[in-house]
Amino acid sequence: MKLPEVAGLALAFVARLITGAQGHWYGAPPKAEQRIYFANHQSHFDWVLIWASLPRELRAVTRPIAARDYWTSTPLKHWITREIFNAVYVSRERKDAEDPLEPLLEALRHGDSLVIFPEGTRGHAGDPAPFKSGLYALALAFPEVQLIPAWIDNVQRVMPKGEVVPVPILCTVTFGAPLSLLPAEDRRVFLDRARAAVIALREVA
Amino acid sequence: MGLRDLSVSHQVGLLFVALFGVLALVTLVTFVRSFGAPGPERRTLQESFVRGLRAVWIGATIFWISWAAGPFVSTLLFGFVSFLALREFVTLTHTRRGDHRSLLLAFFVVLPLQYVLVGTRLFNAFTVFIPVYVFFAIPVVSALANDPFHFLERTAKIQWGITVCVYGLSHTPALLLLDLPNWRERGAFLVFYLVIVVATAQLAQELASRRLRRRPVARAISRSFSWRAWLAGAAAAAVVGALLYWTTPFKPLPSMAMGAIAGATGTLGQFVMDALKRDAGVRTWSGRASVTGAVGLLDRVAPLCFAAPVFFHSVRWYFGI
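Predicted model only: the values in this text are computed from it and were never measured.

### Things to note about the overall build of chain A
Scanning chain A from terminus to terminus reveals nine helices and seven strands. The C-alpha atoms of chain A give 16 Å as radius of gyration, which agrees with the globular expectation for 205 residues (17 Å, within 12%). Across its three principal directions, the C-alpha atoms of chain A cover 45 × 40 × 35 Å. Counting every position in chain A, which comprises 205 residues, the buried fraction comes to 39%.

Below, the structure written as structure tokens:
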């Protein structure tokens, strides 16, 4: 086993020790199909939680999105996101020539699964903010990829904004039934439907 | 050659053979009987019996590990169980942002320190550390977080969680290290005695409440808790306690009394935990229907958390140490 693998296992163990990282699968079993998971976003810990709640063999092919400027700023951050998580880097500053979604499309063409937080930013407790259109663009470009909604519960209590040390509290990730873009569905309608699917899982959880 | 002539480790070894033998037998019988097609009423009875049986298995295994691996490992093991129990407890209470630092203090300072105090046999410090020093420190840290909303309630919940999950449970490994007259290196017997007596009380109460069908004392909290059933549990604990007197430093009659005390406090502790579950909106957390996905460890150890400190101090008081 190589160092990144060992570090990954250790990290998943710590995440489970602190949060339990329970994955509940309603509507779709954890399978090695190409998928886009989309979830509510409340904490820096969200990604690690989803990642740790996935079965081990799915972790390697499921990739997070990371802001290039922040996550490549130090060698350690770069190493963690590149070697352990195999993150897809995106630029936050938009340049005219390139499509900001291009790295994501590239990863999907490559056959990888993605985890995205369509709110764009971390919200407060309560309902998630309206979804941004990236999810729609991805669904349009890759209609065969399953879109799985996920609800992350309790994580804002583990590490509230501004704190660095997590408190051990049990969290769950509830995965719902796959969604797909209907023919000729309006962008806003689809995004609202996706958001409603995520919120609906709160009741199931 | 009588049992008393054997060396300590032989006695303990025999104890294990007997314990796991009986457990295996009971489990086998339950398993075979589960093949029938029982009515719904019998099924719930069976389920709760299986739950109780599982608790005994867990208790017995913990006891075995703590004996086989020595006091250091067993302290560590109970510390870990404490951690999991407190994690579950905190999940069920509604803490706020302002509690973050207090919770960090509870998990990463108070819990390890308490078990270090146990492991180093500083029994006086171990007895007052949480009721005195932590009781003082937690509200200070909480107040510094600058959030007056439900302050007393939030602080009280954290204090209570620490008292039950850390302070209470830490008395179990403390028994292993208790230096009783003519009873060196045999603390494992006391832990065994406590675990068995508490589990017996639980099991007997459960069965009695089904058989007797008494009116519950507090219907809103527990449908099965009645004074008769509780007394039956305590009585069963007393009988088992008396039968096990040879494993303890007590004479038969005090052993019976200790058994009754430990059993009665354990089942009452469980009753209190039922109230807590109702408050948190959890009906059952026996692994299948829990909101948090918790495995229900707290449920298993709660009787021990309540019984252990009472038992520990009764023993110390009895021997005047």
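### Some words on the overall build of chain B
Within chain B, the regular secondary structure consists of nine helices and zero strands. Element order for chain B, N to C, with α for helix and β for strand: α-α-α-α-α-α-α-α-α. Taking all contacts inside chain B whose residues are at least 6 apart in sequence as the whole, residues at least 24 apart take part in 72%.

### Side note on the interface of chain A and chain B
Taken together, the 12 residues of chain A in the interface contact 13 residues of chain B. Looking at the side of chain A that touches chain B, its residues break down into six nonpolar, four polar and two charged.

### Examining unusual backbone geometry
The backbone phi angle of Ala184(A) is positive, close to 60°, even though this residue is not glycine. For Ala184(A), a count of 5 C-beta atoms within 10 Å gives the class exposed. We note that Arg121(B) has phi near 60°; this positive angle belongs to a residue other than glycine. Structurally, Arg121(B) is set in the loop between helix H3 (100-119) and helix H4 (123-144).

### With respect to the sheet that holds strand E7 (residues 172-175) of chain A
All names here are of chain A. The seven strands lie next to each other as E1-E7-E6-E2-E5-E3-E4, forming an open sheet whose pairing is mixed. Strands with a single pairing partner mark the edges of an open sheet, and in this sheet they are strand E1 (22-25) and strand E4 (88-90). On average, each strand axis in the sheet is inclined to that of its neighbour by 25°, with strand direction left out of account. Where E1 and E7 come together, four bridges link them in parallel fashion. Looking at E7, one finds that Gln-22 is bridged to Thr-172. Contacts from helix H9 (residues 187-204) reach strand E2 (35-39), strand E6 (146-153) and E7 within the one sheet, and its direction differs from that of E6 by about 45°.

### Remarks on the pairing of E7(A)
Residues and elements named next belong to chain A. A two-sided burial pattern is seen for E7, the buried positions comprising Thr-172 and Thr-174 on one face and Val-173 and Phe-175 on the other. Sheet topology note: the E6/E7 ladder contains four bridges and is antiparallel. If you follow Asp-153 over to E7, its bridge partner there is Thr-172.

Rules behind the numbers
Position numbers for residues count from 1 along each chain, tracking the sequence in the order it is written. Just so you know, chain letters begin at A and ligand numbers begin at 1, following the order they were written in. Two thresholds apply to this predicted model, a pLDDT of at least 70 for residue-level local features and 80 or more for giving and counting side-chain atom pairs, whereas whole-chain, interface and lining totals are computed over all residues. Secondary structure follows DSSP: runs of H or I at least 4 residues long count as helices, runs of E at least 2 residues long count as strands, and numbering of each begins at the N terminus. In this treatment the radius of gyration is a C-alpha quantity, and the globule benchmark scales as 2.2 Å times the residue count to the 0.38 power. Put simply, a residue is buried when 20 or more other C-beta atoms lie within 10 Å of its own C-beta and exposed when 12 or fewer do; between those, it is partly exposed, and each C-beta is set from the backbone. Residues are scored as being in contact if the C-beta atoms we place from backbone atoms lie within 7 Å. Under the scheme applied here, ten amino acids are nonpolar (Ala, Val, Leu, Ile, Met, Phe, Trp, Tyr, Cys and Pro), four are charged (Asp, Glu, Lys and Arg), and all others, including Gly, are polar. In this analysis, strands are considered paired if DSSP registers two or more bridges between them. Axis lines are fitted to C-alpha atoms, over the contacting stretch for helices. Their N-to-C directions set the angle, which ranges from 0 to 180 degrees.

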